[in-house]
Amino acid sequence: MTAFALASRTRGHLLFERNIMVYRRAWMTIFSGFFEPLFYLFSMGYGLGHFVGKIHGVSYPHYIAPALLASAAMNGAVYDATTNVFWKLRYGKVYDSMLATPLGPVDVAVGETAWAQFRGLLYAIGFMVTAAALGAVQSWWGLLALPAAMVVGFGFAGVGIGVATFLRSWQDFELVQVVLLPMFLFSGTFYPLSVYPTVLQWFVRVSPLYNAISLVRSFTLGHVTWYCPLNAAYLLAIGVVGIAVARRRMAGLLLT
Amino acid sequence: MDALIHARGLTKQFGSITAVAGIDLDVTRGEAFGFLGPNGAGKSSTMRMIGCVSPPSGGTLRILGLDPVKDGSAIRGRLGVVPQADTLDNELTVKENLVIYGRYFGLSRADVRKRADELLEFVQLSERADSKVEPLSGGMKRRLTIARALVNDPEVLLLDEPTTGLDPQARHVVWDRLFRLKQRGVTLILTTHYMDEAEQLCDRLVVMDGGTIAAEGSPLELIREYSTREVVELRFAGEAPEIGEDAFGDLVQRVEVLPDRLLLYTDDGDALVPVAHERLHPQSVLVRRSTLEDVFLRLTGRTLVD
Ligand SMILES: Nc1ncnc2c1ncn2[C@@H]1O[C@H](COP(=O)(O)OP(=O)(O)O)[C@@H](O)[C@H]1O
Ligand SMILES: [Mg+2]
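Residues numbered from 1 in each chain as written. Chains lettered and ligands numbered in written order. Predicted model: local features only at pLDDT ≥ 70, side-chain atom pairs only at ≥ 80, totals over all residues. Heavy atoms only, no water.

### Examining the coordination of the magnesium ion (ligand 2)
Residues and elements named next belong to chain B.
Then, number 1: Looking at the magnesium ion (ligand 2), the protein donor atoms are Ser44 (OG) and Gln84 (OE1), and they sit 2.0 to 2.1 Å from it. Residue Ser44 is found in helix 1 (residues 43-50), and its partner Gln84 is found in the loop between strand 5 (79-82) and helix 3 (94-104); the two are separated by 40 residues along the sequence.
Then, number 2: With relative accessibility at 40%, the residue Gln84 sits in the partly exposed group. (Donors = N, O, S within 2.8 Å, 3.2 Å for Na, K, Ca; no water. Helix = DSSP H or I, 4+ residues; strand = E, 2+ residues; numbered from the N terminus. Buried < 20%, exposed > 50% of the residue type's maximum accessible area, 1.4 Å probe, protein only.)

The structure is reproduced here in C-alpha cells:
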C-alpha cells in the first residue's frame, strides 16, 4: 500500500532493506515517541474526560483515541522523515554512496518515505492494540483505522521528506516543532471543529492532521461518509508532492 | 580497441568557477589510467562526471558507449567507485556494508553474502567482518571502500585519490591490491597528486592543472619528453645563486630555481657534479633520476605537492 507499493516498483525497497539491517540491532530506539499518544489517552481521555462527559454522544476517550492514533502515525512518520533523513543527507553521506550505484534520487525519496510510513504504522499499531484493549474502539470499522493510518503515515512521511531536504541545521528542527505542536492541538484532536468560528474552521480543514483525524475517526466511530475518500485523497496528494519535491531537491544537492 | 571512456571538450562549471575546462580523453579496456595534478586541478570533478553523479556542463562524454545523462543508472551498475572521501555506512558493520551495497546493484542475498566474504578476504578485513566501521583505521576504511566498489564485479574501477592521508605502510597495502586488480584485467582510472603512485600504477596518465590537460603519455614517455635523464639538486646555506640557463653550456639543458634548492636538468649527472661543486659551492649535492614531479614542474612551473 501507498509508499510500499511505490518502493516495490522502484529500487526504493532497497533503502527499506538497509534500514531493517540498521534497526535489527537497534530496534529499541524505534520506540522513542511510541508511548506519547498513550500518555495523552490516559491523561486527557480518562483523566480530563471524567469532567468532559460526551461529545456527539461519544465518551471522551472514544472521541480522542482516533485522533491520537492519527497523531501517532504522524509522529512516527515525521520523526523519521525529518530527523533521520536530514542526518543521512547532511552528515552520514548515506545517500552519496547510494547514488554511485544504480539507485537514483527517486528511489531514495520513495524508499525513505516507505520507511517513515512504516514507523508511523508501527506507532499506530501499538496505539491501536492498547486502545482496543481498553475498549476505546467501538466499531468493526475500526479495523480500517490501520489502513487509514498508513495513508496518514504516507502523507506525513512524504511531506516530512520534502521538508527535510530544506533543513540546513539542527536549529531548523525548532521550526518543524513550531508547526507540529499547534497542528496537534488545534486539528480537532480534543474537541470538534464546531467550537471555532466559521472562518477558522476552513483554516483547520486544510490542516493535514485534521484530515488524518477525520479519516481515522470516521472508521473507529463507524461514521463512514463521503468525506473519507476526500480526506484520503488529500493525504495521498500531499505525500506525492512531498516525494516529488524531495526527489528534485536531493538531485540538486547530491548530483552537483 | 573500444574506448570505455570517451570525452571531447568535457567541461564542468560551478557557477562562475570552471572546474574542468574542456578536456579530451580516451580510456581503453584493461588499462590503468591516471589523472595526476595538484589540489583544485579538476580531478574529482572529472571523476564525478565519469561516475555519473555529476552532469557535465558541456562537451561530449560517453561511458561504456552510453550517455551518462540518459543511461546513468545502467552505467553506474557497471562501474565501481572509490570516492575521494569515504562514504561508508557508519550504522552498519563492515560486512553489512558490502552486503547492502551489493543489493543496491541488484545481486541476490545469497550471492552477495558469498561475494562479501571473498572481498573481505581480498582486502584483508575478514577478521573485522562484524566490527563497526567507525573504529577502523584510515587504511582499513579505504580498503573496505575498495572492496565495496568491487562488489558488482565492475568493468571499470574509479579511484579518487585512493591513498591520500594514509601512512606509507597502508599505502603499500592498497597499491598491492590495486596491482592485483590490474593484473586481473580490471580497468583502473585513478587520480592522485603523488607522482610515485602515478608511476607505480598507471600505464598512461594525463597531467592535469587548472581544469586542463597539460600533457599525456606513459610515465616513461612523459619523463623522456618533458625532462632529462637525470637531475642534480643543489642546496645552499643561504640563498641559491642566480644563474642563467646556459651557465653550464651543453651539460645542463634546463635550470629550475626553487625557494630551497636549485635543479639542474642534465643527461650526465656524474660529469656535472664536480663542475657544479666548483662553481656554485653548494652545501649539498644530490643526483637522481627525473620523475613525474619534474615533468609537472616543467609543464606548470609549480611543484606538485607543496
Ligand atoms: N561542488 C562544488 N561547488 C563549487 N566549486 C567546486 C565544487 N566542486 C569543486 N569545485 C571547485 O572546482 C575546482 C576543481 O575541484 P576538484 O575537481 O575537486 O579538484 P581536485 O580533485 O583536482 O582537487 C576547485 O576550484 C574547486 O573549488
Ligand atoms: Mg579531488
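That shown, we press on.
### Thoughts on the site of ligand 1
Residue and element names in this part refer to chain B.
Then, number 1: Neighbouring ligand 1 are Phe14, Ala19, Pro38, Asn39, Gly40, Ala41, Gly42, Lys43, Ser44 and Ser45.
Then, number 2: Between an oxygen atom of ligand 1 and a main-chain N or O atom of Gly40, the distance comes to 2.7 Å.
Then, number 3: Notes on ligand 1: free accessible area 560 Å², of which the protein chains cover 63%.
Then, number 4: Here the shell around ligand 1 takes three residues from helix 1, the largest share from any one element.
Then, number 5: Taken together, the residues of the shell around ligand 1 break down into four nonpolar, five polar and one charged. (Near = heavy atom within 4 Å. Polar contact = N/O pair within 3.5 Å; in protein donor to acceptor, adjacent residues only side chain to side chain. Areas by Shrake-Rupley, 256 points an atom, 1.4 Å probe, with all protein chains shown as cover. Nonpolar A, V, L, I, M, F, W, Y, C, P; charged D, E, K, R; others polar.)

### What to know about the domain arrangement of chain B
Then, number 1: For chain B, the domain assignment lists domain 1 (3-216) and domain 2 (228-289).
Then, number 2: On a C-alpha basis, the centres of domain 1 of chain B and domain 2 of chain B stand 40 Å from each other. (Domains from an automatic or database assignment.)

### Notes on the packing of aromatic side chains
Here a ring pair, both rings aromatic, is described through the centre-centre distance and the interplanar angle of the planes.
Then, number 1: As enumerated under the stated definition, the model contains 21 aromatic pairs over all chains in all.
Then, number 2: Both rings, one in Tyr40 of chain A and one in Phe190 of chain A, keep their centres 6.1 Å apart while their planes meet at 40°; by these two values the pair is tilted. Pair noted here: Tyr40 of chain A is in helix 3 (residues 36-52) and Phe190 of chain A is in the loop between helix 8 (173-186) and helix 9 (198-205), with a separation of 150 residues, a long-range link.
Then, number 3: Residue classification places Tyr40 of chain A among the partly exposed positions, given a relative accessible area of 24%.
Then, number 4: The exposure class assigned to Phe190 of chain A is buried, which follows from its relative accessible area of 7%.
Then, number 5: Aromatic ring contacts, followed pair by pair, group Phe4, Phe16, Tyr23, Trp115 and Phe118 of chain A into a single cluster.
Then, number 6: One residue, Arg148 of chain B, lies across the ring of Tyr101 of chain B, its end atom 4.3 Å from the ring centre.
Then, number 7: The side chain of Arg171 of chain B reaches across the aromatic face of Tyr194 of chain B, ending 4.1 Å from its centre. (Phe/Tyr/Trp six-rings, centres within 6.5 Å; stacked < 30°, edge-to-face > 60°. Lys NZ or Arg CZ within 6 Å of the ring centre and 35° of its normal.)

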